[in-house]
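# Fold and contact review
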Amino acid sequence: MINLRERGRDRLPTGERGYPPPMRATFMYGAGDVRVEDVADAKPHEPTDAVVRVTLACVCGSDLHPYHSLPTTDDGLPMGHEFLGVVEEVGSEVTGLAPGDFVVSPFAFSDNTCAFCRDGLQTACVRGGWYGVPGIGGTQAEAVRVPQAAGTLVRLPPDVDEALLPSLLTLSDVYLTGWHAAHLGRVAPGRTVTVIGDGAVGLSAVLASRRMGAERIILMGRHPARTDLGREFGATDVVAERGEEGVAKVRDLTGGEGSHVVLEAVGHLPAYEQAYGVVRPGGVISRVGVPQYQQAPVGTDSLFNKNVTLTGGPAPVRAYIEQALPDVLEGRINPGRVFDQAVPLDRVADAYRAMDSRAALKVLVRP
Ligand SMILES: [Zn+2]
């Protein structure tokens, strides 16, 4: 018998009377197979949990990796890790939050108190974890159980202008993942930054680099609608070429020196190869695209001879939310422009299709 809790949602017994009303949640059953199903409503499992009713969620570029490669599964993988919502219920040990609070959640949960959290690396929290894995529900759903709620959730103003919601949602992941890339890349005034990838994270990395004062921002991408937005976000140059040709173009643009900082927001090996091709001697490669490879060159011709620093990893967005919030609330940045479509939750499969075919950059999901 399947352990229903392991699945992330208690499956609704069909036809059973007297069971609590169901909610809708998204599961992936294999590559290309996304379904929205009735499941038992989210409820706290631990005294440190909260339940949040989802106001706005979305599909992430990283959701497309299982969309291409997930082996067929009978149980389904709960999907989604970004959301804004309203706290509905808090466990007995949750402090600082009450039902009715409007909140944003980072894509990973964390206690925000352990040694790694205190270092600003909440994605390594000893009591932390990820949404959208078995045992924890996904957030492309009507409600979410949030573990370690007091450390994870950040309260937002209750009366925030609805037009700001997409930008606030980017604080769940993409904008601050771009910010993390730039932060680890030591972007600063006077630096030349090359961003590889014109997806939502790449464009966010452009916006964050601009906010950090980068002098020149070269965006490597070949989808004009996206690179146009990249220019509005602060890219000074766009390079559509890839591989050797793209590397040569960036080297030309930098007087043959290469780029001080390279932010890699794709995750495939050719993007990494481009990164060490364009990085300047003494420069930094910062990766936030989830690597779809386990082995890559680090030897003399790639990193060593150029004294290159390689950094990056899952962004501890919890560390950056409070700092970014005033920029969004006061309209200095509008990272929510990466959303170019919206679907109701029951049509979330259309959102995956649209993003997979690149008909959409990033799609909002409204429960
Ligand atoms: Zn922690």
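Residues numbered from 1 in each chain as written. Predicted model: local features only at pLDDT ≥ 70, side-chain atom pairs only at ≥ 80, totals over all residues.

## Here we look at the packing of helix α5 (residues 174-184) against helix α6 (residues 200-211)
Where α5 meets α6, the axes come as close as 7 Å, and the angle between the chain directions of the two elements is 60°. On the basis of their axis angle, the class for α5 and α6 is oblique. In terms of crossing hand, the pair formed by α5 and α6 is right-handed. In contact with Val174, Tyr175, Thr177, Gly178, Trp179, Ala181 and Ala182 of α5, α6 contributes Ala200, Val201, Ser204, Ala205, Leu207, Ala208 and Ser209. Taken together, the residues of the contact of α5 with α6 break down into ten nonpolar, four polar and no charged. (Axes fitted to C-alpha atoms, helices over the stretch in contact; angles between N-to-C directions. Helix = DSSP H or I, 4+ residues; strand = E, 2+ residues; numbered from the N terminus. Parallel < 35°, antiparallel > 145°, perpendicular 65-115°, else oblique. Left-handed = near helix turned anticlockwise from the far one by under 90°. Contact = placed C-beta atoms within 7 Å. Nonpolar A, V, L, I, M, F, W, Y, C, P; charged D, E, K, R; others polar.)

## Digging into the sheet that holds strand β4 (residues 77-78)
Note: strands within a sheet are paired through backbone hydrogen bonds, in either parallel or antiparallel orientation. Strand order in this open sheet of three strands is β2-β1-β4, and the pairing throughout is antiparallel. Two strands close off the open sheet at either side, each with one partner strand: β2 (33-40) and β4. (Pairing = 2+ DSSP bridges.)

## As for α5
At 3.6 residues per turn, the α-helix brings residues three or four places apart onto the same side. The buried count for α5 comes to ten of eleven residues, which makes it a mostly enclosed element. Among the residues of α5, Val174, Tyr175, Leu176, Thr177, Gly178, Trp179, His180, Ala181, Ala182 and Leu184 are the ones counted as buried. In this structure, the buried residues of α5 make contact with α6, β14 (259-264), β15 (279-287), β16 (309-312) and α10 (321-329). Looking one or two places after α5, you find Arg186, whose phi comes out positive at around 60°. (Buried ≥ 20, exposed ≤ 12 C-beta atoms within 10 Å, placed from the backbone.)

## A few points about the packing of α6 against helix α7 (residues 224-233)
It is the contact of α6 with α7, at a shortest axis distance of 8 Å, that shows an interaxial angle of 15°. Considering their axes alone, α6 and α7 lie roughly parallel with respect to each other. In this structure, α6 meets α7 at a crossing whose hand is right-handed. Only Arg226, Leu229, Gly230 and Phe233 of α7 make contact with α6, whose side of the interface consists of Leu203, Val206, Leu207 and Arg210.

## Quick look at the sheet that holds β14
The strand order across the open sheet formed by six strands is β13-β12-β11-β14-β15-β16, and the pairing between neighbours is parallel. This sheet does not close on itself; its edge strands, each paired only once, are β13 (237-239) and β16. Between one strand and the next, the sheet's axes are offset by a mean angle of 20°, whatever the strand orientation. Packing of α5 onto the sheet brings it into contact with β14, β15 and β16, and relative to β16 it is tilted by some 155°.

## Details of the domain arrangement of the protein chain
According to the domain assignment, the protein chain contains domain 1 (5-173 + 317-366) and domain 2 (178-312). Computed over C-alpha atoms only, the centres of domain 1 and domain 2 are separated by 28 Å. Of the residues assigned to the side of domain 1 that touches domain 2, the class counts are seven nonpolar, four polar and three charged. (Domains from an automatic or database assignment.)

## As for helix α9 (residues 269-278)
In terms of burial, α9 is a largely internal element, seven of the ten residues being buried. Those residues of α9 that sit buried are Ala271, Tyr272, Gln274, Ala275, Tyr276, Gly277 and Val278. Lining the buried residues of α9 we find β11 (192-196), β12 (216-220), α8 (243-253), β14 and β15.

## Some details on the nonpolar core
Grouped together as the largest cluster of nonpolar side chains are 108 residues, with contacts concentrated most on Ala50, Val195 and Leu263. Viewed by domain, this core spans two of them, domain 1 (5-173 + 317-366) and domain 2 (178-312), each represented by three or more residues. Apart from the residues within four sequence positions on either side, Ala50 is in contact with Pro44, Val87, Glu89, Val90, Gly91, Val94, Leu97, Val146, Ala149 and Leu153. (Core = buried A, V, L, I, M, F, W, Y, C linked by C-beta atoms within 7 Å.)

## Thoughts on unusual backbone geometry
Within the chain, Asn112 stands out as a residue other than glycine whose phi angle is a positive 65°. Inspection of the secondary structure puts Asn112 in the loop between β7 (108-109) and α2 (115-118). Owing to 20 C-beta atoms within 10 Å, Asn112 belongs among the buried residues under this scheme. Backbone geometry at Arg186 places phi at a positive 60°, although glycine is not the residue there. By the secondary structure assignment, Arg186 is in the loop between α5 and β11.

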